[in-house]
Amino acid sequence: MQYVAQKQIKGFVGQMGSDETLRLFVEQHPELEEVSLEDGYNLTDLTPMLELQNLNYVHVWSDAARAGSSLDGLERRFHLEID
C-alpha cells in the first residue's frame, strides 16, 4: 500500500490481499490503534498484529475467521471481534 507507506495512520478499514501484505502494512504502521479487515478470505495469520503496541481493536469479517484462529491461545492487548 504505497499510498500510505510514509503516513501516520491510527485506523484502517479495508482489504488485505495476503498474509505478506498484512505483515508489511503492520511493519510500516506501528502506530495503528484500530483495524477492520474486509474480505480477508486469503488471510490465515494475524500474529503480526501482536507487535502493534497501540492496537486496541481488531475487527475481521467472517470470511477472515480462520485468520482469527491464528491468535488462539496467544496473549493479546486488543479486542478481537469476528462477524
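The structure under discussion appears in the preceding block.
Residues numbered from 1 in each chain as written. Predicted model: local features only at pLDDT ≥ 70, side-chain atom pairs only at ≥ 80, totals over all residues. Heavy atoms only, no water.

Draft legend 1. Inspection of the packing of aromatic side chains at higher detail. According to the stated counting rule, one finds one aromatic pair in the structure shown. Ring geometry for phenylalanine 12 against phenylalanine 25: centres 4.8 Å apart, planes inclined by 55°, an arrangement best described as tilted. Remark: phenylalanine 25 occurs in helix 1 (residues 19–28) and phenylalanine 12 occurs in strand 1 (residues 11–15); sequence separation between them is 13 residues. In this structure, phenylalanine 12 and phenylalanine 25 share a single accessibility class: buried. (Phe/Tyr/Trp six-rings, centres within 6.5 Å; stacked < 30°, edge-to-face > 60°. Helix = DSSP H or I, 4+ residues; strand = E, 2+ residues; numbered from the N terminus. Buried < 20%, exposed > 50% of the residue type's maximum accessible area, 1.4 Å probe, protein only.)

Draft legend 2. The arrangement of the side chain of histidine 59 in detail. When you line up the elements, histidine 59 lands in strand 3 (residues 57–60). Taking relative accessible area as the criterion, histidine 59 reaches 8% and is therefore assigned buried. A distance of 3.0 Å separates polar atoms of two side chains, one belonging to histidine 59 and the other to serine 36. Side-chain polar atoms of histidine 59 contact the side chain of aspartate 83, separated by 2.8 Å. Setting aside its immediate chain neighbours within four residues, histidine 59 contacts Val35, Ser36, Leu37, Glu81 and Asp83. (Polar contact = N/O pair within 3.5 Å; in protein donor to acceptor, adjacent residues only side chain to side chain. Contact = heavy atoms within 4.5 Å.)

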